[in-house]
Amino acid sequence: MGFWNSLFGGESNPEEEKRNAEQRNFDLLKYDGVKAMRIGQFEYAAKCFEKALQTTDDPEVHDYLSRALIHMGRLDEALAELKLLAMGEPDNIQLKMQAASVAYMNEDYVEMKALCEQALAVDGNSAIAHFYYAKAELGEGNVVQSIAHLTQAIALDEKLVDPHLLRGQTLLQMGDVAGAASDVEWLVLHQVDSEEALMLRAQLEAANNHADEAIELYGKLIDMNPFHVEAYRERGRLRMEKGDKTGAAEDMEKVMELNPQELADVSGEYSAEGIEQKTRQAYSNLNPFGI
């Protein structure tokens, strides 16, 4: 437009030209940031997004910036970006739950509960808000309240896997084997074969003194993830109890290989001569439910 105006003697519009230049600069910074994020250059991406926001307050860029900040471990700043977005859309429960998930990563359970309360004020029947509220309560050590919110989440949407899984894990840690069995049965019925589901099933079998079944499930879990330290540890403990010293030693060696610090209290050289005593000592110091 400025070219034709100058060609025919018209006057240019400085304000319009400024707006156009700012828009071009914003677009360039935004898409440079997106490209940088795709190749893992999160620090550069964050700088691009922050610079772009100085020109235009764009919700999509705030979202991109929050993701880059999460990858960089700057969780407080990421949470601030998501809360800003949530304030702009007060009825958007999904945004509040995005912010709640970052608060959870940051172990900020007070903020997490506040976000869940905001979501429930919008929709008291939000199963996902009850689930996140349960995680926050559990983070604060409020087990009974956590179970209550998980049960509410399941009542509102029985198809959600995570509330069944977390409730089963929590009940088993509390020693409520029968209660945990109900959630495990649901997971089996719905063919949930995630690592966490297999671990819970194996731990339940172990709690019911079904060692062979538990050992088999731990084996399936190890086949799924050969680096699953806890599965080796739990299987080794059961093998030792059954008198399978060789199998227990093999699992303990794998635990030490994958996570040497976990068994730092087992002193001395890990040799064939001392294998039984040291393996027994190591397993005696381990609690299968992490209590």
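Residues numbered from 1 in each chain as written. Predicted model: local features only at pLDDT ≥ 70, side-chain atom pairs only at ≥ 80, totals over all residues. Heavy atoms only, no water.

The subject of this paragraph is the overall build of the chain. When helices and strands are tallied, the chain shows 16 helices and 0 strands. The contacts of the chain with a sequence gap of at least 6 include a subset with a gap of at least 24, amounting to 46%. For the chain, the accessible area works out to roughly 16,100 Å², and carbon and sulfur atoms hold 49% of it. (Helix = DSSP H or I, 4+ residues; strand = E, 2+ residues; numbered from the N terminus. Contact = heavy atoms within 4.5 Å. Areas by Shrake-Rupley, 256 points an atom, 1.4 Å probe, with all protein chains shown as cover.)

A separate point is helix α11 (residues 177–189). Under the 1.5 Å per step criterion, the end-to-end length of α11 is 18 Å for 13 residues, consistent within 8% with the ideal 18 Å. Where α11 is concerned, the buried positions are G179, A180, A181, D183, V184, W186 and L187. On its buried face, α11 sits against α9 (143–156), α10 (161–174) and α12 (195–207). Remark: Q191 follows α11 within two positions and exhibits a positive phi of approximately 55°. (Expected span 1.5 Å × (residues − 1). Buried < 20%, exposed > 50% of the residue type's maximum accessible area, 1.4 Å probe, protein only.)

Attention shifts here to the packing of aromatic side chains. Scanning the model with the defined rule gives 3 aromatic pairs in all. Here F49 and Y64 contribute two aromatic rings whose centre-to-centre distance is 5.6 Å and whose plane-to-plane angle is 20°, an arrangement assigned as stacked. With F49 in helix α3 (residues 42–55) and Y64 in helix α4 (residues 59–71), this residue pair connects regions lying 15 residues apart in the sequence. Y64 sits in the buried class, given a relative accessible area of 16%. (Phe/Tyr/Trp six-rings, centres within 6.5 Å; stacked < 30°, edge-to-face > 60°.)

We now examine the confidence of the model for the chain. Residue-level pLDDT values for the chain average 88, and 86% of them are 70 or greater. Within the chain, helix α1 (residues 2–7) has the poorest average pLDDT of any element, 50, and helix α8 (residues 127–139) the best, 98. Under a pLDDT of 50 for its full length, residues 265–275 has, in the predicted model, 17 contacts with residues more than four places off or in other chains. Taken as a whole, residues 286–291 scores under 50 in pLDDT and shows 11 contacts with residues more than four places along the chain or in a different chain. (pLDDT = per-residue confidence, 0-100.)

What describes two packed helices is the angle between their axes and the distance between those same axes. Relative to each other, α3 and α4 sit at 150°, their axes nearing to 9 Å. Here α3 lies roughly antiparallel to α4, going by the angle between them. Helix-helix and strand crossings are classified by hand; for α3 and α4 the assignment is left-handed. The segment α3 lies against α4, with F42, A46, F49, E50, A52 and L53 engaging V61, H62, Y64, L65, A68 and H71. In terms of residue class, the contact of α3 with α4 is made up of 9 nonpolar, 2 polar and 1 charged. (Axes fitted to C-alpha atoms, helices over the stretch in contact; angles between N-to-C directions. Parallel < 35°, antiparallel > 145°, perpendicular 65-115°, else oblique. Left-handed = near helix turned anticlockwise from the far one by under 90°. Nonpolar A, V, L, I, M, F, W, Y, C, P; charged D, E, K, R; others polar.)

Structurally, the position occupied by R235 is in helix α14 (residues 229–241). Within the local environment of R235, its side chain forms a polar contact with the side chain of D251, the two groups lying 2.8 Å apart. When near neighbours in sequence (up to four residues on either side) are disregarded, R235 contacts I215, Y218, G219, I222 and D251. (Polar contact = N/O pair within 3.5 Å; in protein donor to acceptor, adjacent residues only side chain to side chain.)

The phi dihedral of E107 is positive, around 55°, even though this residue is not glycine. By the element assignment, E107 lies in the loop between α6 (93–105) and α7 (109–122). By relative accessible area, E107 is classed as exposed at 59%.

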